[in-house]
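Inside the fold
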Amino acid sequence: MVNPYQDFSAQLLSWYKKHKRSLPWRETKDPYKIWISEIMLQQTTVSAVIPYYQKWINRYPTMEKLARARLTTVLKSWEGLGYYSRARNIHAAARIMVKEYQGRIPRDPEKLLRLPGFGPYTVGAVLSIAYGKKEPIIDANIRRIVMRLLAMDGKADAARDARIRPWIENVLPTRKMSDFNQAFMELGALVCAKQPQCYRCPVTKLCKAYAVGKQEVIPQAKKIRYVEEDVVIGILRNGHKYYIQKRSSKGLLAGLWEFPGGKKEQQESYQEALVREIKEECGVTVLKSRFLMQRRHFYTHHRVTLHVYECECDSLPAEDKEHLWVTLTQMKKYPMPSGSVKIVDSLGKRS
């Protein structure tokens, strides 16, 4: 029986040659730079990644330079991209590859899978794009495309991959693997997006969802349930210096710096929560507080409202390696969550 999808790769590659975007990481064959771009593009849009990628490559042009950098500096360079575990994994993997592989990304997928941050997608992307190896990849874009091509009902989650992967392996080209995987992702980003533009698609004739008019409802939309959180933040000043502290090395936003504060309990007022948090975290008592600002921020499935107060306390918290008094200028050296960065920017405009 003739496979109706035999022409898929040829049609996709032809479309990509005409319509691919000009992106900085597509102008290099350096496996290190391709790896960095692939990690940055996870959970982040192309437009947001471009300036970060360019600054990163300017600062860490080689894996050796990245491996020699301090983790705090690397996290600061990543500030604003979110999902900071990616930066920690990049740094750890770079150090291992410099030590064990002379600063080169190994071509063996089994070796790559043992490195921090290298899952099946990253391994497939780096090996196919940088080295042209015949490796299938599955990301959100590709999962969505194949589900529509096969009119596969349900949500676009990893449970579908057992059926999706064999299909992809069946249509892989014998050459131009780098272009093929990039074309696949490009089609999902530009054409077969959440709102599909079927009139622009090069493989519409092969799409079963399009044939039966189901392309708008495949895959089934995910319902994101956000957890609403109110967080009180205390701004403690000593002249031109502000008190900041380092987060735990584990959990969300691990190892970043922030102003003291925390979640308001349901039964508390904002003032009560502020007094409790500052006492717990700084060991001092708030005598007076003045509301400064309110900022909204999203962390994965958390929708957080930051209530920021300037505090006058009965004494000044002590300094140590993880608790510092710094000026606003000095503060820019310390990696912070995006919500805290917004507060710093606002304080700078007020001063």
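Residue positions within a chain follow its written sequence, with the count starting from 1. Local features in this predicted model are restricted to residues of pLDDT 70 or higher, and side-chain atom pairs are both shown and tallied only at a pLDDT of 80 or more, whereas totals for entire chains, interfaces and linings draw on every residue. Side-chain metrics rest on all non-hydrogen atoms present in the structure, leaving aside hydrogens and water.

A short note on the overall build of the chain
By the criteria applied, helices consist of DSSP H or I runs no shorter than four residues and strands consist of E runs no shorter than two, each listed in order from the N terminus. From N to C terminus, the chain includes 15 helices and seven strands. Across its three principal axes, the chain shows a C-alpha extent of roughly 80 × 50 × 30 Å. Residue exposure (1.4 Å probe, protein chains only): buried if accessible area is under 20% of the type maximum, exposed if over 50%, otherwise partly exposed. The burial tally for the chain puts 48% of its 351 residues in the buried class. For the chain, contacts bridging at least 24 residues in sequence account for 66% of all contacts bridging at least 6. The protein chains shown are the only cover counted for residues, whose accessible areas, like all others here, come from Shrake-Rupley with a 1.4 Å probe. Approximately 18600 Å² of the chain is accessible, and the part contributed by carbon and sulfur atoms is 50%. Charged-residue counts in this description rest on Lys and Arg as positive and Asp and Glu as negative, His and the chain ends being excluded. Where a charge lies is defined by one atom per residue type, namely NZ (Lys), CZ (Arg), CG (Asp) and CD (Glu). Distance between charge centroids for the chain: 7 Å, based on 60 positive and 35 negative side chains. Contacts between residues were defined by any pair of non-hydrogen atoms, one from each residue, lying within 4.5 Å.

As for the nonpolar core
Each nonpolar core is a collection of buried residues, namely Ala, Val, Leu, Ile, Met, Phe, Trp, Tyr and Cys, held together in the definition by side-chain atoms within 4.5 Å. Within the largest apolar cluster, 75 residues are counted, with the highest numbers of intra-cluster contacts made by Phe8, Trp35, Trp56, Trp167 and Phe184. Among the elements that make up this core, the one with the highest residue count is helix H8 (residues 120–131) (seven residues). With sequence-adjacent residues up to four places away left out, Phe8 is seen in contact with Leu149, Trp167, Val171, Phe180, Phe184, Val203 and Leu206. Grouped together as the second largest cluster of nonpolar side chains are 20 residues, Ile233, Ile235, Met336 and Ile343 included.

A word on unusual backbone geometry
Omega for the bond connecting Ile218 with Pro219 falls within 30 degrees of zero, at -5°, which places this linkage in the cis form. Structurally, the position occupied by Pro219 is in the loop between helix H12 (208–211) and strand E1 (227–238). Despite not being glycine, Ala151 shows a phi value in the positive range, around 50°. Its identity as a non-glycine residue notwithstanding, Lys176 has a phi of 60°, on the positive side. Mapped onto the secondary structure, Lys176 falls in the loop between helix H10 (161–171) and helix H11 (177–190).

Here's the deal with the environment of Lys133
On the secondary structure map, Lys133 appears in the loop between H8 and helix H9 (140–149). C-alpha of Lys133 to C-alpha of Glu272: the two residues are 139 residues apart in sequence and 59 Å apart in space. Excluding its chain neighbours within four sequence positions, the residues that come into contact with Lys133 are Arg107, Pro109, Leu127, Ser128 and Met177.

Re the pattern of salt bridges
Just to be clear on terms, a salt bridge is a Lys or Arg side-chain nitrogen sitting within 4 Å of an Asp or Glu carboxyl oxygen. This model, assessed by the stated rule, comprises 15 salt bridges. Among the ionic pairs, Lys76 bridges to Glu79, the shortest N-O distance being 3.1 Å. On the basis of relative accessible area, Glu79 is assigned to the buried category, the value being 16%. Between Glu280 and Arg276 there is a salt bridge, with the nearest N and O atoms lying 3.4 Å from each other.

Here's the deal with the pairing of E1
A strand pair is defined by DSSP finding two or more bridges across the two strands. Two elements, E1 and strand E6 (residues 302–313), share ten bridges in a ladder whose sense is parallel. Each bridged residue has a counterpart across the sheet, and for Val231 the counterpart in E6 is Leu306. Sheet topology note: the E1/strand E4 (residues 261–263) ladder contains three bridges and is antiparallel. Considered in E4, the bridge of Ile233 is made with Gly261. In this sheet, strand E2 (residues 241–246) lies alongside E1 in antiparallel orientation, the contact comprising two bridges. In the strand pairing of E2, Arg237 is matched with Tyr242.

A closer look at the confidence of the model for the chain
Overall, the prediction assigns the chain a mean pLDDT of 92, with 98% of residues at 70 or greater. A score from 0 to 100, pLDDT tells how confident the predictor is in each residue. For the chain, the element scoring lowest by mean pLDDT is helix H15 (residues 338–350), at 86; helix H4 (residues 63–68) scores highest, at 98.

Re H8
Each helix should span, by expectation, one fewer than its residue count multiplied by 1.5 Å. In this model H8 runs 16 Å from its N-terminal to its C-terminal C-alpha over twelve residues, within 8% of the 16 Å that 1.5 Å per residue would give. When you tally the buried positions in H8, you get ten out of twelve residues, the bulk of the element. Within the span of H8, buried status applies to Tyr121, Thr122, Val123, Gly124, Ala125, Val126, Leu127, Ser128, Ile129 and Ala130. Tucked inside the fold, the buried residues of H8 contact helix H2 (31–41), helix H7 (109–113) and H11. A positive phi of about 70° marks Gly132, the residue just after H8.

Focus: a positive patch on the surface
Each patch is built from residues lacking any salt bridge and having more than 30% relative accessible area; the joining distance is 9 Å for like charges and 5 Å for nonpolar side chains (Val, Leu, Ile, Met, Phe, Trp, Tyr). A contiguous patch of positive charge, built from Lys155, Lys194, Lys222, Lys223 and Arg225, is present on the exposed surface. Residue classification places Arg225 among the exposed residues on the basis of a relative accessible area of 75%.

Here we look at the side chain of Glu38
In this structure, Glu38 sits in helix H2. Within the buried set, Glu38 has no salt-bridge partner at all; the shortest N-O distance to an opposite charge, 7.7 Å, is to Arg26. Glu38 has contacts with Tyr121, Ala125, Ile129 and Met185, leaving out every residue within four places of it along the chain.

Focus on empty space enclosed by the protein
To locate leftover empty space, one rolls a probe as large as a water molecule over the atoms. Cavity means a closed set of points on a 1 Å grid over the protein atoms alone, one where a 1.4 Å probe fits but cannot get out, pocket means an open set with protein on both sides within 12 Å along at least 5 of 7 lines, and lining means a residue has an atom within 4 Å of a point. Grid points are joined across faces, edges and corners, and a volume is the space filled by probe spheres set on the points. What the rule picks out here adds up to one cavity of 30 Å³ or more. There is about 120 Å³ of room inside the largest cavity. Arg148, Cys192, Cys198, Cys201 and Cys207 are, among the 15 residues lining the largest cavity, the residues nearest its centre.

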